[in-house]
Amino acid sequence: MDKMWAGRFQEKLNELADDFNTSLPFDCRMYKQDIEGSMAHARMLASKGIISVEDSKLITEGLGEILDDIVSGKLNFNTDAEDIHMFIESELTRRIGDAGKRLHTARSRNDQVALDIRMYLRDENKEILTLIRKLIETLRDKAQDNTDAIMPGYTHLQRAQPVTFAHHILAYAMMFKRDYERIDDALKRMNSCPIGSCALAGTTYDTDRYMEAELLGFDSVMLNSMDGVSDRDFCLELLSAYSILMMHLSRFSEEVVLWSSWEFKFIELSDSFSTGSSIMPQKKNPDMAELIRGKCGRVYGDLVALLTTLKGLPLAYNKDMQEDKEAIFDAVDTVKMCLSVFEPMLMTATVLKDNMLKAAQKGFINATDMADYLVKKGMPFRTAYKLTGETVAYCIENKTVLEDLPFEKYKELSPLFEEDIYNEISLKTCVEKRISVGSTGPESVKMQIEYITEFLDD
Ligand code: ARG
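**Student:** What is the right way to read helix 20 (residues 442-457) from this model?
**Tutor:** Within an α-helix, residues lying three or four positions from one another point in the same direction, as the helix has 3.6 residues per turn. Given a rise of 1.5 Å per residue, 16 residues ought to cover 22 Å, and the 22 Å separating the end C-alpha atoms of helix 20 matches this to within 8%. Within helix 20 the residues assigned to the buried category are Ser-444, Val-445, Gln-448, Ile-449, Ile-452, Phe-455 and Leu-456. In an axial view of helix 20, the angular spread of the buried residues amounts to 140°, which keeps them on one side of the axis. Helix 20 presents Glu-443, Glu-454 and Asp-457 as exposed residues on the side facing more than 90 degrees away from its buried surface.

**Student:** Got a minute to help me understand a negative patch on the surface in this structure?
**Tutor:** A contiguous patch of negative charge, built from Glu-137, Glu-454, Asp-457 and Asp-458, is present on the exposed surface. Within the secondary structure, Glu-454 is located in helix 20. Classification of Glu-454 as exposed rests on a relative accessible area of 59%.

**Student:** Got a minute to help me understand the nonpolar core in this structure?
**Tutor:** In globular proteins that are soluble, nonpolar side chains generally tend to be buried together. One finds Leu-121, Phe-176, Ile-183, Tyr-242 and Phe-252 to be the most contacted residues of the largest nonpolar core, which totals 96 residues. Dropping the residues within four chain positions of it, Phe-252 is found in contact with Leu-139, Ile-169, Tyr-172, Phe-176, Trp-259, Phe-342 and Leu-346. Grouped together as the second largest cluster of nonpolar side chains are 19 residues, Ala-371, Cys-395, Val-401 and Leu-405 included.

**Student:** Whenever I open this one, the side chain of Arg-118 confuses me. Can you help?
**Tutor:** With respect to the helices and strands, the residue Arg-118 is situated in helix 7 (residues 109-145). For Arg-118, a relative accessible area of 2% gives the class buried. The contacts of Arg-118, once residues within four sequence positions are left out, are Met-190, Ser-192, Pro-194, Phe-218, Met-222, Gly-228, Asp-231 and Phe-234.

**Student:** Quick question: what am I supposed to make of the pairing of strand 1 (residues 150-155) here?
**Tutor:** Residues in a regular strand point their side chains to alternate faces of the sheet. Relative to strand 2 (residues 158-164), strand 1 runs antiparallel, the two sharing six bridges. What sits directly across from Thr-155, in strand 2, is Gln-158. Here strand 1 folds back onto strand 2 in antiparallel fashion, the turn holding two residues, of which His-156 has a positive phi close to 55°.

**Student:** Please clarify how the site of the ligand should be interpreted in this entry.
**Tutor:** All residues adjacent to the ligand are Ser-23, Asp-27, Asp-83, His-85, Arg-109, Asn-110, Val-113, Tyr-317, Gln-322 and Lys-325. In this structure, a nitrogen atom belonging to the ligand sits 2.9 Å away from a side-chain N or O atom of Asp-83. In this structure, Asn-110 approaches the ligand through a side-chain N or O atom, which is 2.8 Å from a nitrogen atom. In isolation the ligand offers 340 Å² of accessible surface; the protein chains occlude 86% of this area.

**Student:** I keep staring at unusual backbone geometry and nothing clicks. Help me out?
**Tutor:** What you tend to see is this: most non-glycine residues have negative phi, and most peptide bonds are trans. The residue after Leu-315, namely Ala-316, is reached through a cis peptide bond having omega 5°. With a phi angle near 50°, Lys-265 is a residue other than glycine that sits in the positive phi range. Looking at the element boundaries, Lys-265 is found in the loop between helix 11 (233-259) and strand 5 (267-268). Classification of Lys-265 as buried rests on a relative accessible area of 14%.

**Student:** Can you help me understand the environment of Ile-59 in this one?
**Tutor:** Topologically, Ile-59 is positioned in helix 4 (residues 53-72). In the structure, Ile-59 is positioned 329 residues away from Thr-388 in sequence and 81 Å away in space, judged by C-alpha atoms. Filtering out sequence-adjacent residues up to four positions away, Ile-59 remains in contact with Ala-42, Ile-51, Leu-92, Ile-96, Ala-99 and Leu-103.

Rules used throughout
- Along each chain, residues carry numbers from 1 onward, in the same order as the chain's sequence is written.
- Local features in this predicted model are restricted to residues whose pLDDT is 70 or higher, and side-chain atom pairs enter the listing and the counts only when it is 80 or higher, whereas totals over whole chains, interfaces and linings include all residues.
- As a convention, hydrogens and water are excluded, and side-chain values are obtained from all of the structure's heavy atoms.
- Numbering of helices and strands starts at the N terminus; helices are DSSP runs of H or I of at least 4 residues and strands are runs of E of at least 2.
- In this analysis, the expected span of each helix is defined as 1.5 Å times one less than the number of residues it contains.
- The cut-offs for exposure are 20% and 50% of the maximum accessible area for each residue type, with area from a 1.4 Å probe on protein chains only; residues under the lower value are buried, those over the upper are exposed, and the others partly exposed.
- Summarising the geometry, the arc corresponds to the directions from the helix axis toward the C-beta atoms.
- Think of a patch as exposed residues, more than 30% relative accessible area, with no salt bridge, where like charges cluster within 9 Å and nonpolar side chains (Val, Leu, Ile, Met, Phe, Trp, Tyr) cluster within 5 Å.
- Note on areas: these come from Shrake-Rupley sampling with a 1.4 Å probe, and a residue is covered only by the protein chains present in the view.
- Any Lys or Arg side-chain nitrogen located within 4 Å of an Asp or Glu carboxyl oxygen qualifies as a salt bridge.
- In this tally, Asp and Glu contribute negative charge and Lys and Arg positive charge; neither His nor the terminal groups of the chain are included.
- We put the charge of a Lys on NZ, of an Arg on CZ, of an Asp on CG and of a Glu on CD.
- The definition of a nonpolar core used throughout is a set of buried Ala, Val, Leu, Ile, Met, Phe, Trp, Tyr and Cys residues joined through side-chain atoms within 4.5 Å.
- Only heavy atoms matter for contacts: two residues are in contact if any of them lie within 4.5 Å across the pair.
- A pair of strands is treated as paired once DSSP finds two or more bridges between them.
- Any residue with a heavy atom positioned within 4 Å of a molecule or strand is treated as near that molecule or strand.
- Nitrogen and oxygen atoms within 3.5 Å of one another constitute a polar contact, given that in protein one can donate a hydrogen and the other can accept it, and given that sequence-neighbouring residues count only through two side-chain atoms.

Right, here's the structure in full:
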């Protein structure tokens, strides 16, 4: 088939160059948005008298049939069309003749592509937001079931202070809530319609860009035609938000990998989200978590690839920009897949509360509480801190723990110690006495669960 621009050229496009140039194999996934955009364009053109109402009707019907045929599999993308925009237009013209040739009045592929990606991402991100919500809901439910599960909280991956498992996973719920809001915010900003920018400079036709924007569910029109066709900020914003989201998923995955190891055994992943080894019969591997951790790198790569593609481009459209789609599509697919797998993997995992508690009992994680006990009895914090450090050293040397030191020893260390020290440094008390806002104490955890629930109910 001749190219649309054949009139200007004497020679045919080299076959290799043709293959190299085409984006149809990957932009064909925007067929629905392209057709929707064209339907709105035809309606607008007819309403402004730029094409006839009959032509607009023919176009709309023709596009509807093309859509049905693609969905049913009757029409496939095995053609030499350069991209999805040309594919739809030439198929339409093949079916309805001259009316099809009128569709491309007062628009260009440059604005079409900018429009289609926006609409595509709008649709896909609705799903992504739903998946994030579902994950937050699962975290909230797991937290609710585990407000009494005491585990070691870590810094430097060294046991630091006791926390509850509820508190630990609510930290992730907070992160995912921000991820949700970041994407939601980017979606609001990108909901401005570029169609009608017309290659770069606008058009001499008396178009109604506001009507077209409204038909397509946009809040506004892009007010500078060169910006309209050149802007890919929205892809970068989403890729940045996805990168942060993937980083959170990756950190969480790392903890899942650690927690399901024999060394920790804080959780047991369900068989349905674990894999075995081809040689070691005893193995149960957390492949899903590892893969999600690994795929985080892919999404960072997509962000850096597009940032780099765009950094040297003069205004307005340049063919380099065709590279935007594979980056953003890959990131969308990856994020959706990772969220879809992570949530049920977590939901079906068993929390091994006893093991968590045992781990919490061994690491002197109540030492801060012992120091605070002395402070409350009048000792300056630094003195209490030093004395507690010496006590820990004594315990390590004598292979014991703070809870098991005899009372006489406590009295010898400081006359401020009373019998209530044992209760004060019990892990349960350590957690329950934490009263500051945001702490691991029961009141704070309850408040966090309510906060997340309010978000979910919104
Ligand atoms: N396939 C192109 C892309 O993905 C569409 C826009 C092409 N415009 C052009 N003037 N060659 O970016």
